Amino acid sequence: MQTEISPYLEALKQSVKKKISSLLSNQTVRRVASNAFTFHFKDEASLAFQNYYREIITNRESYLGTPDFFRVFKQRYSLQGIDGAYLDRLEREKEAILRLIDNDDLANLYFSFFANAQLQHGVRVVGKNLGSFFTKLVHTFRPEEFCALDNPIRNYFGVGNESFYIAFVIISHAYNEWARENTDLMRQIRMELECNEVGQPFSSKMTDLKLLDLVFWYQANEIG
């Protein structure tokens with residue numbers, strides 16, 4: 001099976017990297033990054049979220065010690081259609097969830113908790129894929145390796161028809177490879193963040209993947 005799947009995933013990853021490079025060139029990178037950071041650290045809702053993000057990223061003590069971590073996480077990330085019983089289950093299982101993330105057992109995590117979550121909708125219980133929730137949680141504890149992901153970014157990069165899990169893996173690897181291959185451009189992106197008076201204190205908590213996410217979130221959600 002790997003023989004058939006690996007070339008397919010590689011082709012998708014290269015397509016995403018090409019799209020990144022088409023936006024972020026030596027001629028455009030500073031302007032594009034500056035516009036994105038101006039939005040994120042001036043818009044009231046975005047800035048409030050970035051403050052929350054800075055508090056929780058890689059913060060295991062907060063995760064394990066906050067009894068309503070998942071309720072706040074859901075609210076801050078604007079994750080819709082998730083009932084209290086499901087969030088209570090995540091709270092009960094939070095140590096096991098963190099072990100799966102630490103052990104790189106992401107497929108097991110995805111299928112056990114997010115691929116077909118049983119949620120209360122009125123008088124019915126329905127199965128719902130919570131792929132976006134999954135990506136944002138994994139990113140919280142492994143921000144150097146994996147990106148948070150939403151539908152507009154999936155669509156922007158042309159992988160909207162792939163499963164959330166596949167899109168998450170493809171875009172995460174594309175971001176990582178592009179950042180390693182374009183260290184000067186990444187340096188210029190971070191420089192633009194640190195030139196932003198409000199954004200500068202956030203730099204130490206933001207990985208290269210987070211910076212790329214801020215740029216492409218702005219492109220996908222605000223520019224279109």
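So, about the overall build of the protein. The helix and strand tally for the protein stands at 13 helices and two strands. Projecting the C-alpha coordinates of the protein onto the three principal axes gives extents of approximately 55 × 45 × 30 Å. Here the analysis covers contacts within the protein between residues at least 6 apart in sequence; of these, 65% occur between residues at least 24 apart. Surface exposure of the protein reaches about 11100 Å², of which carbon and sulfur atoms provide 48%.

What follows deals with the side chain of T28. Checked against the element boundaries, T28 lands in the loop between α1 (2–23) and α2 (29–40). Within the local environment of T28, its side chain forms a polar contact with the backbone oxygen of L23, the two atoms lying 2.6 Å apart.

So, on to the environment of F114. Checked against the element boundaries, F114 lands in helix α8 (residues 106–114). Overall, F114 belongs to the buried group, its relative accessible area being 0%. Those residues in contact with F114 that lie beyond four places of it in its chain are Y86, L109, K128, N129, L130, G131, F133, F134 and L137.

Attention now goes to the pattern of salt bridges. According to the stated counting rule, one finds twelve salt bridges in the structure shown. The partner of K13 in a salt bridge is E177, and the shortest N-O contact between them spans 2.6 Å. Residue K13 is found in helix α1, and its partner E177 is found in helix α11 (residues 164–181); the two are separated by 164 residues along the sequence. Taking relative accessible area as the criterion, K13 reaches 10% and is therefore assigned buried. Classification of E177 by relative accessible area gives buried; the value is 16%. One salt bridge in this structure joins R142 and D104, with 3.0 Å as the shortest N-O distance. Here the residue R142 occupies a position in the loop between α9 (131–141) and α10 (151–156), and D104 occupies one in the loop between α7 (94–102) and α8, the gap between them amounting to 38 residues.

Turning next to the packing of helix α5 (residues 69–76) against helix α6 (residues 84–92). The interhelical angle for the contact between α5 and α6, taken along N-to-C directions, is 125°, at an axis separation of 8 Å. Taken together, the axes of α5 and α6 are oblique relative to one another. On α6, the residues touching F69, F70, R71 and K74 of α5 are G84, L87, D88, L90 and E91. A breakdown of the residues in the contact of α5 with α6 according to their chemical character gives four nonpolar, one polar and four charged.

Ranked by size, the top nonpolar core spans 76 residues in total, and within it L24 and F133 carry the most contacts. Looking at which element gives the most residues to this core, the answer is α11, with ten residues. The contact partners of F133, leaving out residues within four places of it in the chain, are F70, F73, L79, I82, Y86, L87, L90 and F114.

For the rest of this paragraph, the subject is the pairing of strand β1 (residues 117–121). Across five bridges, the pairing between β1 and strand β2 (residues 124–128) is antiparallel. Note on β2: the bridge partner recorded for H121 is R124. Hairpin connection from β1 to β2: two residues lie between these consecutive antiparallel strands, with G122 at a positive phi of about 65°.

We now examine the packing of aromatic side chains. Applying the stated rule across the entire model yields 30 aromatic pairs. We note R54 situated over the ring of F202; from NZ or CZ to the ring centre the distance is 3.9 Å. Above the plane of the ring of F164 lies R154, whose end atom (NZ or CZ) is 4.3 Å from the centre.

What counts, and at which threshold
Residues numbered from 1 in each chain as written. Predicted model: local features only at pLDDT ≥ 70, side-chain atom pairs only at ≥ 80, totals over all residues. Heavy atoms only, no water. Helix = DSSP H or I, 4+ residues; strand = E, 2+ residues; numbered from the N terminus. Contact = heavy atoms within 4.5 Å. Areas by Shrake-Rupley, 256 points an atom, 1.4 Å probe, with all protein chains shown as cover. Polar contact = N/O pair within 3.5 Å; in protein donor to acceptor, adjacent residues only side chain to side chain. Buried < 20%, exposed > 50% of the residue type's maximum accessible area, 1.4 Å probe, protein only. Salt bridge = Lys/Arg side-chain N within 4 Å of Asp/Glu carboxyl O. Axes fitted to C-alpha atoms, helices over the stretch in contact; angles between N-to-C directions. Parallel < 35°, antiparallel > 145°, perpendicular 65-115°, else oblique. Nonpolar A, V, L, I, M, F, W, Y, C, P; charged D, E, K, R; others polar. Core = buried A, V, L, I, M, F, W, Y, C linked by side-chain atoms within 4.5 Å. Pairing = 2+ DSSP bridges. Phe/Tyr/Trp six-rings, centres within 6.5 Å; stacked < 30°, edge-to-face > 60°. Lys NZ or Arg CZ within 6 Å of the ring centre and 35° of its normal.

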